[in-house]
Amino acid sequence: MTLAPVDYVILALYFAFVLGIGWRLRKRVSTSGDFLLSGRSVPLWITSLAFLAANLGAQELIGMSASGAKYGIMTAHFYWVGAVPAMLFVGVFMMPFYYGSRARSVPEYLKLRFDEKTRAFNAFTFATMTVFSSGISMYALGLLLQLVLGWSFTRSVLWSAAIVLAYTFLGGLTSAIYNEVLQFLLIVIGFAPLSILAVAKAGGWGGIQTRLPAVMTHSWQYMGSASQNPMGVEVFGMVAGLGFVLSFGYWCTDFLVVQRAMAAESMAAARSTPLLAALPKMLIPFVVIVPGIAAVALARAGTGYALPMKNGGPDYDQVLTTLMAQFYPAGMLGVGLTGLMASFMSGMAGNVTAFNTVWTYDIYQSYIHPGAPDQHYLHVGRITTIAGVTLSVATAYLAQHYNNIMDLLQLVFGFVNAPLFATFLLGMFWKRATGHGAFTGLLSGTLAAALTHGLTVAEQKGGWLADLHHFPSTMAQNFWIAIFAWSACFLITVLVSLATQPRPAGALAGLVYGLTEVPKDHGTRWLQPGRLAVIVGVVLILLNAWFW
């Protein structure tokens, strides 16, 4: 890939702009709440785009294109089954508890609902997960800079980490949110043309269908059994593993995305944030997944494009960047690379800002140094930002062992988010759930995830305890890890809760459904949460039917 001077100019302008946003917003930061929580003052349209962009990191762009090439249009289930329904649920049902409880983070809500030990468990596991996720984003950008600039992987990682550190250190969460809006726009501008060009070169969607097996171009038709599709997943595994456990576990409990909605200026805006974000979320597959599918068709059509290779097999993580090198001219290549850079910044900054909030409030303030002046916690939040970026650099090297970074990401979610969703489901909708039950359930769910991974093998991964079962793909293994983790947590939480003393109902007001007054819909006719959820749901059904 060769860059022209105009491409370097575009990249330089982008970096100057994001750093300028951080420099400008630094004046708004005078307390730890300003730095870590954005003062709950961000407008709805900003929080909606940030809610979407926080999940639209480099691992999603590169990973979803890779999964498109590896699994076909079934990858769209990560959006149409594995994202949008949960986004509707968190907006309609869960945001009243998060926003109304005035909790500063998801772990703090667990403290209010259950007890201190449950909060501590989630705080430490979530902090670990954000470091892994941020490292995966960093790994993705490292690969990009290697390809584009010819730098070593280490140099690429360190240089890119410095940029993100600079603007998050200056402006905190507000800087990250406003940059995420810019990054979302750049991602669309940078990659929508690539999808159009790749599909057109392959002869349109019809041409792709003629060159690929039918299983690559249908989303539901070949899911009767795991052996019928390249993902190795049947309907139950897809709906229960991805559509319920992993999806709801991520969108409903992951502080990375919930934090964006909690920064909204009102309860109505907080509830509408994930609902508005769901509309463009449904269309993202056409920008990030379809190019990967088109790449396989192009490789089989004799157009001069070949799938990149790694360790004797396809290197799916390089599909997106090689397509850019193939189709983008000077200038447009700079825009596309800027979009990739933006996706990296979005994903990494989102994880870092979530990490520093949880560490500062839920770990440091709670267990290490309680009762300090607010300026002390602001100082700690800035130091934690540096620490989070440094730890992410280390985890970037772990991702090198995977040829599809989405496989690694879903594995991490299976360990952390899957059991956590069972805890939240019971905690928010069953007042009998106790702190002892929640804590024991989380431990059991995490242990179940570890046992499932240790006793099963998929693509030479797992099986570190024994080889009792082979999954046809790493993704199928991830789905079942999530199912077992959620089921174990749910069952143990119920059993232990029934055997222990519950909190009085009066102490659960504002924290449990039935003991909390859910606010009535506000705003314009079409921005009311209930109406928005119905509109999104109808469009979602139509998309699934179209690609059946």
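Residues numbered from 1 in each chain as written. Predicted model: local features only at pLDDT ≥ 70, side-chain atom pairs only at ≥ 80, totals over all residues. Heavy atoms only, no water.

**Regarding the overall build of the chain**
1) Next: Within the chain, the secondary structure is distributed over 22 helices and 5 strands.
2) Next: For 548 residues, the compact-globule estimate of 2.2 N^0.38 gives 24 Å, and the C-alpha radius of gyration of the chain, at 22 Å, lies within 12% of that figure.
3) Next: Contacts in the chain between residues at least 24 apart in sequence constitute 81% of all its contacts with a sequence separation of at least 6.
4) Next: For the chain, the computed accessible surface area is about 18900 Å², with 68% contributed by carbon and sulfur atoms. (Helix = DSSP H or I, 4+ residues; strand = E, 2+ residues; numbered from the N terminus. Rg over C-alpha atoms; globule rule 2.2 N^0.38 Å. Contact = heavy atoms within 4.5 Å. Areas by Shrake-Rupley, 256 points an atom, 1.4 Å probe, with all protein chains shown as cover.)

**A word on the domain arrangement of the chain**
1) Next: Along its sequence, the chain is organised into domain 1 (8-401 + 518-546) and domain 2 (404-517).
2) Next: If you look at the interface, domain 1 gives 60 residues, while domain 2 gives 53 residues.
3) Next: Summing both partners gives a buried area of about 4800 Å² for domain 1 against domain 2, and 76% of it is carried by carbon and sulfur.
4) Next: Here domain 1 is connected to domain 2 by 1 salt bridge. (Domains from an automatic or database assignment. Buried area = accessible area lost by both parts, 1.4 Å probe. Salt bridge = Lys/Arg side-chain N within 4 Å of Asp/Glu carboxyl O.)

**Thoughts on the pattern of salt bridges**
1) Next: Scanning the model with the defined rule gives 6 salt bridges in all.
2) Next: With a shortest N-O distance of 3.0 Å, Glu116 and Arg119 are connected by a salt bridge. Residue Glu116 and its partner Arg119 are located together in helix H8 (residues 116-149), separated by 3 residues, close to a single helical turn.
3) Next: Glu116 gets classed as partly exposed once you look at its relative accessible area, which sits at 29%.
4) Next: One continuous salt-bridge network, built from bridges that share partners, spans Glu108, Lys111, Glu116, Arg119 and Asp362. (Buried < 20%, exposed > 50% of the residue type's maximum accessible area, 1.4 Å probe, protein only.)

**A short note on the packing of helix H6 (residues 84-100) against helix H22 (residues 529-546)**
1) Next: Across the interface, H6 lies against H22 with an axial gap of 10 Å and an inter-helix angle of 170 degrees. Classified by the angle between their axes, H6 and H22 sit roughly antiparallel to one another. Contact residues: H6 offers Val84, Pro85, Leu88 and Val92, while H22 offers Pro529, Ala533, Val536, Gly537 and Leu540.
2) Next: Here the residues of the contact of H6 with H22 are counted per class, giving 8 nonpolar, 1 polar and no charged. (Axes fitted to C-alpha atoms, helices over the stretch in contact; angles between N-to-C directions. Parallel < 35°, antiparallel > 145°, perpendicular 65-115°, else oblique. Nonpolar A, V, L, I, M, F, W, Y, C, P; charged D, E, K, R; others polar.)

**Focus on the nonpolar core**
1) Next: One finds Tyr98, Phe191, Met231, Phe424 and Phe479 to be the most contacted residues of the largest nonpolar core, which totals 181 residues.
2) Next: Considering each element in turn, this core owes the most residues, 17 residues, to helix H9 (residues 153-201).
3) Next: Counting the residues that make up this core, at least three belong to each of domain 1 (8-401 + 518-546) and domain 2 (404-517).
4) Next: Excluding anything up to four places from it in sequence, Phe479 contacts Phe78, Met231, Val233, Gly237, Met238, Gly241, Leu242 and Leu246. (Core = buried A, V, L, I, M, F, W, Y, C linked by side-chain atoms within 4.5 Å.)

**Some words on the confidence of the model for the chain**
1) Next: Within the chain, residue pLDDT values average 83, and 94% of them lie at 70 or more.
2) Next: The weakest mean pLDDT in the chain belongs to helix H2 (residues 32-37) at 73; the strongest belongs to helix H20 (residues 435-455) at 94. (pLDDT = per-residue confidence, 0-100.)

**Remarks on the packing of aromatic side chains**
1) Next: Per the counting criterion, the structure on display carries 23 aromatic pairs.
2) Next: Centroid distance Tyr364 to Tyr377: 6.2 Å. Interplanar angle 80 degrees. Geometry classified as edge-to-face. Linking Tyr364 in helix H17 (residues 332-368) with Tyr377 in helix H18 (residues 374-396), this pair joins segments that are 13 residues apart in sequence. Just as Tyr364 is buried, Tyr377 falls in that class too.
3) Next: Consider the rings of Trp480 and Phe484, whose centres lie 5.9 Å apart with planes at 40 degrees: the pair is tilted. Taken together, the residues span about one helical turn, with Trp480 and Phe484 both in helix H21 (residues 474-499) at a distance of 4 residues. (Phe/Tyr/Trp six-rings, centres within 6.5 Å; stacked < 30°, edge-to-face > 60°.)

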